[in-house]
Amino acid sequence: MIPRILIIAGSDSGGGAGIQADIRTVTMLGGHPMTAITAITAQNTCGVDAVLPVPPEMIVAQIDAVIGDIGVDAVKIGMIGSADAADAVAARLAGLAVPLVLDPVMVATSGAQLADAATVAALGRLMALATVVTPNLPELDALGGEAAVLGHGCLLAAKGGHGAGDMVVDRLIGPGGELARVEAPRIATRHSHGTGCTFAAALATGLGAGLSAERAFVRAVDFVRAALAAAPGLGRGHGPLGHALGAVPFDLINRG
């Protein structure tokens, strides 16, 4: 059966990150994306102009609608919108026995703040439910470091894109130490909007398809790198990735 991936995240009107990037990622990796939108944003490649949180009861209603009919094999959580929403989502997902990937979105690539202090504090309840948490390096610091994240009982996918140097080091870490590591040359581009969303969605798709955490992690890193290399160069700021990898998928299978 096709892996059914529930995405709980915000909408990016520019199409580079959030729900829009997640849908493309899950589709490209062979899953069926379903969504519970947590916030509506007015944004483009240059920044975020406005954010409108979706009421927690509507977020939960979206979750109930898809789980009750279609079912779910894995969950990806991105931008959560508010502390109340984080609490409501955590309460709803507490009994759901499927892999859960939490991308603790706090700051957009443009530098815009996407989570206040109360929302960051509420992420703890979601981390306690998560299979893997996927912070970038600034987010990892804000969450208290590796030990603090691992203390919630989850795996940690520490993304190295914000690190210094010509090599990017991405690590999957468990309670006993490092489980997987990918070291690769940095791809020099400003068109990196949505890398975190894409990685977390790819990881959730792999887990939902039954891959091991290590294999799903490596595949997610590989997909992000391929999408970065295929970025179409849209917009005046941090443009979106090329999730279709420079091809038109339909045309590739419909040449006759």
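Preceding this section is the structure that the text describes.
The structure displayed is predicted, hence computed values, not measured ones. (Residues numbered from 1 in each chain as written. Predicted model: local features only at pLDDT ≥ 70, side-chain atom pairs only at ≥ 80, totals over all residues. Heavy atoms only, no water.)

1. Digging into the sheet that holds strand β7 (residues 155–158)
Strands belonging to one sheet form pairs held by backbone hydrogen bonds; the direction of such a pair is parallel or antiparallel. Pairing in this open sheet of 9 strands is mixed, and the strands run β3-β2-β1-β4-β5-β6-β7-β8-β9 from one edge to the other. The open sheet has two edge strands with one neighbour each: β3 (47–53) and β9 (177–185). The pairing of strand β2 (residues 32–44) with β3 spans 6 bridges and is classified as antiparallel. Looking across to β3, one finds that A42 is bridged to A50. Packing of helix α1 (residues 18–28) onto the sheet brings it into contact with β1 (4–12), β2 and β4 (74–77), and relative to β1 it is tilted by some 150 degrees. Of the strands in this sheet, β7, β8 (167–174) and β9 are in contact with helix α8 (residues 213–229), which crosses β9 at around 20 degrees. (Pairing = 2+ DSSP bridges. Helix = DSSP H or I, 4+ residues; strand = E, 2+ residues; numbered from the N terminus. Contact = heavy atoms within 4.5 Å. Axes fitted to C-alpha atoms, helices over the stretch in contact; angles between N-to-C directions.)

2. Looking at the pairing of β7
What you see with β7 is no split at all: L155 and A157 on one side and L156 and A158 on the other are buried throughout. Pairing analysis gives 2 bridges linking strand β6 (residues 132–133) to β7, with the strands arranged parallel. By the bridge assignment, V132 is partnered in β7 with L155. Note: β7 against β8, 3 bridges, orientation antiparallel. Its bridge partner being in β8, A158 is matched across the sheet by R171. (Buried < 20%, exposed > 50% of the residue type's maximum accessible area, 1.4 Å probe, protein only.)

3. Structural notes on unusual backbone geometry
Not every positive phi belongs to a glycine, and L245 is a case in point at roughly 60 degrees. Relative to the elements of secondary structure, L245 occurs in the loop between α8 and α9 (249–253).

4. Side note on the packing of helix α2 (residues 56–69) against helix α3 (residues 83–93)
α3 packs onto α2 with a crossing angle of 25 degrees between their chain directions and a minimal axis gap of 9 Å. In terms of axis orientation, α2 runs roughly parallel to α3. The crossing of α2 and α3 is right-handed. Residues P56, I59, V60, I63, D64 and I67 of α2 pack against D84, A85, A88, V89, R92 and L93 of α3. (Parallel < 35°, antiparallel > 145°, perpendicular 65-115°, else oblique. Left-handed = near helix turned anticlockwise from the far one by under 90°.)

5. Focus: α1
Structurally, the α-helix is built with 3.6 residues per turn, so residues lying three or four positions apart point the same way. Burial in α1 covers these residues: G18, I19, A21, D22, T25 and V26. Here the buried residues of α1 occupy an arc of 160 degrees about the axis, which is enough to place them on one side. Packing partners of the buried residues in α1 comprise β1, β2, β4, α7 (195–208) and α8. The positive-phi residue at the C-terminal boundary of α1 is G30, with phi of around 90 degrees. (Arc of directions from axis to C-beta.)

6. Details of the nonpolar core
Core analysis: the largest hydrophobic core is formed by 36 residues, its most contacted members being L6, I8, I63, I77, V89 and L126. Counting residues per element, this core draws most heavily on α3, which supplies 6 residues. When near neighbours in sequence (up to four residues on either side) are disregarded, V89 contacts I8, I59, I63, I77, I80 and L126. Counting 31 residues, the second largest nonpolar core, distinct from the first, contains L203, A213, V221 and F223. (Core = buried A, V, L, I, M, F, W, Y, C linked by side-chain atoms within 4.5 Å.)

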